[in-house]
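# Structure assessment
Single-letter residue listing:
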Amino acid sequence: MIKLRVIFIALLMLQPLHSAYAENVILFLGDGMGISTITAARIFAGQQQGLAGEEYNLAFDEFPNTALVKTYNTDSQVPDSAGTISAILTGVKTRMGVLGVSPDVPRGDCAAAREHQLPTIVEMAEEAGYATGIVSTARITHATPAGTFAHVPDRNWENDSVLPAQAKAAGCKDIAASLVDFDKGDGIDVILGGGRAQFMRIDQADPEYPNRSGLRKDMDLINTWRSRGQDRHFFWNSQGLAAYQPAPKRQIMGLFQPSHLQFEADRPKDPGGEPSLAEMTELAIKQLKHNEKGFFLLVEGGRIDHAHHFGNAYRALVDTVALSEAVERALALTDAEDTLTIVTADHSHTLTISGYPPRGNPILGKVTINPVLPKAKDTIYTTLAYANGPGYQTPYPDLSEVDTQSPDYRQLAAVPLAVETHAGEDVAAFAHGKNADSVRGVMEQNKLFHAMHAVLFDQD
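Read on for an overview of the structure.

## Concerning the overall build of the protein chain
Secondary structure assignment for the protein chain yields 14 helices and 15 strands. Radius of gyration (C-alpha) of the protein chain: 22 Å, near the 23 Å computed for a compact globule of 460 residues. The C-alpha extent of the protein chain, read off along each of the three principal axes, is 70 × 55 × 45 Å. Within the span of the protein chain, comprising 460 residues, buried residues form 57% of the whole. A sequence separation of at least 24 residues applies to 72% of the contacts in the protein chain between residues at least 6 apart. Of the roughly 18400 Å² of accessible surface on the protein chain, 51% is carried by carbon and sulfur atoms. Placing the 39 positive and 56 negative side-chain charges of the protein chain at their respective mean positions leaves the two points 3 Å apart.

As structure tokens, this is what we get:
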């Protein structure tokens, strides 16, 4: 493993990098936020403002630099979130389903994973004295946030109850334990997201849902995390987070649900109270800025992906707009002179925008006859649909009396599947600030790592 690390660092030194640098990097990742999702969310957000919608811009639409990003995994034409986030954060493309290990590692092979670990940019930043943070609306142990700190051959090994005995005997850790045992620098400074149950014992009642308990068999990792730092603070609801005052050398962990956070559309009804993605992003930046050297922050809109898997475009679009609001908040708190901000996706989804609806037609609505087309009676269908997924119906339903703009409406799908799948086309990357012009053209996904690495490590 040491030999691989030396080779990997040597390869990094050979990469052609731009000469402009910054002290901070913020990576926004919309999980599953393909280009069709961005277009639909842009129109949706504009229509929420009373506009036709098509002319509206999300916060990152205004960024001066864009690229198309190839998302394939080394063993899969259509990728998953584990292989893709590993490419972005380590600079090396790898297999589907593995985190922080090279493509030499078969999924589930603990021994190979221990021998072929890839250092992440978060680990490098911590070792160099930067502050680091991860924010997500998914479980902190889910693929994207786990990609910052975990080196496991299976993304599903989130707690010790699901860690195979053979893997445990071979020295592999579950993902939650990997976070608590993170040994680079002084540890990740800001951890905000979901996934409480992955850190709590099976005999511990959840603070928000007393009838639910943790998933771990071995130990209470929340208190373990608290005990390993000088000034560490834990929160489980928005009230506790709102009362916190950022200060130097403090570290914070907020786990606001046993599993994923609520969809943004449902968040106001959460019994315990959850912070928004923008609120978590703001607090993270305010805390991380106390480090004079700079910081690296990953912010994931994780539930865009989940809504698409459910075939529910409404919640996917609302969560995409929430990510845009978090980007806007971050731009207000940082300076382009010393911060690189990248907004991208790990992969796309099969959402389609089709038909000939007239300008300003509700993006979640039905396609009406465009006045420039010949008059004809046709099947009633929606502008948005999926290539596959749970929305498949046969025979084709009569939508004339169906409210397709309802938050719970499930768009129709062409192929019947229990869960809608990812899609394999390129995703967009938007860049703002120092070294932003290194994000351009058609890029391999792992090249985003080099753009960020240059900002933090190649200063004069």
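## Some words on the state of the cysteines
For the structure on display, the rule yields one disulfide. Linked covalently through their sulfurs, Cys 110 and Cys 172 form a disulfide whose S-S length is 2.1 Å. Looking along the S-S bond of the Cys 110-Cys 172 disulfide, the torsion reads about 115°, which is the right-handed sense. With a gap of 62 residues between them, Cys 110 in helix 4 (residues 110–115) and Cys 172 in the loop between helix 7 (165–169) and helix 8 (175–180) connect regions that are remote in the sequence. We note that Cys 110, like Cys 172, is buried.

## A short note on the packing of helix 2 (residues 35–48) against helix 13 (residues 313–333)
Running from N to C, helix 2 and helix 13 cross one another at 80°; their axes reach a closest spacing of 9 Å. Considered as vectors, helix 2 and helix 13 are oriented roughly perpendicular to each other. The segment helix 2 lies against helix 13, with Thr 37, Ala 40, Ala 41, Phe 44 and Ala 45 engaging Tyr 314, Leu 317, Val 318, Thr 320 and Val 321. In terms of residue class, the contact of helix 2 with helix 13 is built from eight nonpolar, two polar and no charged.

## Some words on the nonpolar core
Core analysis: the largest hydrophobic core is formed by 115 residues, its most contacted members being Phe 28, Phe 60, Phe 149, Phe 296, Leu 297, Val 439 and Met 452. Among residues more than four places away in sequence, those in contact with Phe 149 are Glu 123, Ile 134, Ile 140, Ile 175, Ser 178, Leu 179, Phe 182 and Ile 188. Core analysis: the next-biggest nonpolar cluster, separate from the first, contains five residues, Val 98, Val 101, Ala 112 and Ala 113 among them.

## Points about the side chain of Thr 344
Within the fold, Thr 344 resides in strand 8 (residues 339–344). Looking at Thr 344, the relative accessible area reads 0%, which means it is buried. Residue contacts for Thr 344: discarding those within four places in its chain leaves Leu 27, Phe 28, Leu 29, Gly 30, Met 33, Val 69, Val 427, Ala 428, Ala 429 and Leu 448.

## Observations concerning the packing of aromatic side chains
Summed over the entire model, instances satisfying the criterion amount to five aromatic pairs. Consider the rings of Phe 263 and Phe 310, whose centres lie 6.3 Å apart with planes at 75°: the pair is edge-to-face. Of this pair, Phe 263 sits in the loop between strand 6 (251–255) and helix 11 (277–288) while Phe 310 is found in the loop between helix 12 (303–309) and helix 13, placing the two residues 47 residues apart along the sequence. Owing to a relative accessible area of 40%, Phe 310 belongs among the partly exposed residues under this scheme. A cation sits over an aromatic face here: Lys 293 above Tyr 130, 5.0 Å from the ring centre. Taking NZ or CZ as reference, Arg 303 lies 3.8 Å from the ring centre of Phe 263, over its face.

## Details of the pattern of salt bridges
Taken as a whole, this structure holds 25 salt bridges when the rule is applied. A network of salt bridges, in which partner residues are shared, links Asp 160, Asp 174, Arg 216 and Asp 218.

## With respect to the sheet that holds strand 14 (residues 427–433)
Judged by pairing direction, the sheet is mixed, and its ten strands sit side by side in the order 5-6-4-3-7-1-8-14-2-15 without closing on themselves. Strands at the two margins of the open sheet, each flanked by one partner only, are strand 5 (232–235) and strand 15 (441–444). Neighbouring strand axes in the sheet, compared pairwise and without regard to direction, differ in orientation by 15° on average. Here four bridges tie strand 4 (residues 190–194) to strand 6, and the two strands are oriented parallel to one another. Each bridged residue has a counterpart across the sheet, and for Ile 191 the counterpart in strand 6 is Met 253. Packing of helix 11 onto the sheet brings it into contact with strand 1 (24–30), strand 3 (131–139), strand 4, strand 6 and strand 7 (295–301), and relative to strand 7 it is tilted by some 175°.

## Some remarks on the packing of helix 11 against helix 13
Closest axis-to-axis distance for the helix 11/helix 13 pair is 8 Å, and the angle between their directions is 25°. Classed by the angle they form, the pair helix 11 and helix 13 counts as roughly parallel. In this structure, helix 11 crosses over helix 13, and the sense of that crossing is right-handed. Of the residues in helix 13, those in contact with Leu 277, Ala 278, Glu 279, Thr 281, Glu 282, Ile 285 and Lys 286 of helix 11 are Ala 322, Leu 323, Glu 325, Ala 326, Arg 329, Ala 330 and Leu 333. Of the residues assigned to the contact of helix 11 with helix 13, the class counts are eight nonpolar, one polar and five charged.

## Structural notes on the sheet that holds strand 10 (residues 351–353)
Taken together, three strands build an open sheet; the order of strands is 10-11-12 and the sheet is mixed. Edge positions in the sheet fall to strand 10 and strand 12 (413–416), since each of these pairs with one other strand and no more. Averaged over all pairs of adjacent strands, the angle between strand axes in this sheet comes to 20°, irrespective of strand direction. One ladder, built from three bridges, connects strand 10 with strand 11 (residues 384–389); its direction is antiparallel.

## A look at a nonpolar patch on the surface
Taken together, the side chains of Ile 35, Leu 68 and Val 442 define a hydrophobic patch exposed on the protein surface, amounting to about 230 Å² of accessible area. Its place among the elements puts Leu 68 in strand 2 (residues 65–70). The exposure class assigned to Leu 68 is partly exposed, which follows from its relative accessible area of 35%.

Conventions used here
- Residues numbered from 1 in each chain as written.
- Predicted model: local features only at pLDDT ≥ 70, side-chain atom pairs only at ≥ 80, totals over all residues.
- Heavy atoms only, no water.
- Helix = DSSP H or I, 4+ residues; strand = E, 2+ residues; numbered from the N terminus.
- Rg over C-alpha atoms; globule rule 2.2 N^0.38 Å.
- Buried < 20%, exposed > 50% of the residue type's maximum accessible area, 1.4 Å probe, protein only.
- Contact = heavy atoms within 4.5 Å.
- Areas by Shrake-Rupley, 256 points an atom, 1.4 Å probe, with all protein chains shown as cover.
- Lys, Arg positive; Asp, Glu negative; His and termini not counted.
- Charge placed at Lys NZ, Arg CZ, Asp CG, Glu CD.
- Disulfide = S-S within 2.5 Å.
- Axes fitted to C-alpha atoms, helices over the stretch in contact; angles between N-to-C directions.
- Parallel < 35°, antiparallel > 145°, perpendicular 65-115°, else oblique.
- Nonpolar A, V, L, I, M, F, W, Y, C, P; charged D, E, K, R; others polar.
- Core = buried A, V, L, I, M, F, W, Y, C linked by side-chain atoms within 4.5 Å.
- Phe/Tyr/Trp six-rings, centres within 6.5 Å; stacked < 30°, edge-to-face > 60°.
- Lys NZ or Arg CZ within 6 Å of the ring centre and 35° of its normal.
- Salt bridge = Lys/Arg side-chain N within 4 Å of Asp/Glu carboxyl O.
- Pairing = 2+ DSSP bridges.
- Left-handed = near helix turned anticlockwise from the far one by under 90°.
- Patch = residues over 30% accessible without salt bridge, like charges linked within 9 Å, V, L, I, M, F, W, Y side chains within 5 Å.

Read these as geometric descriptors, not functional statements.
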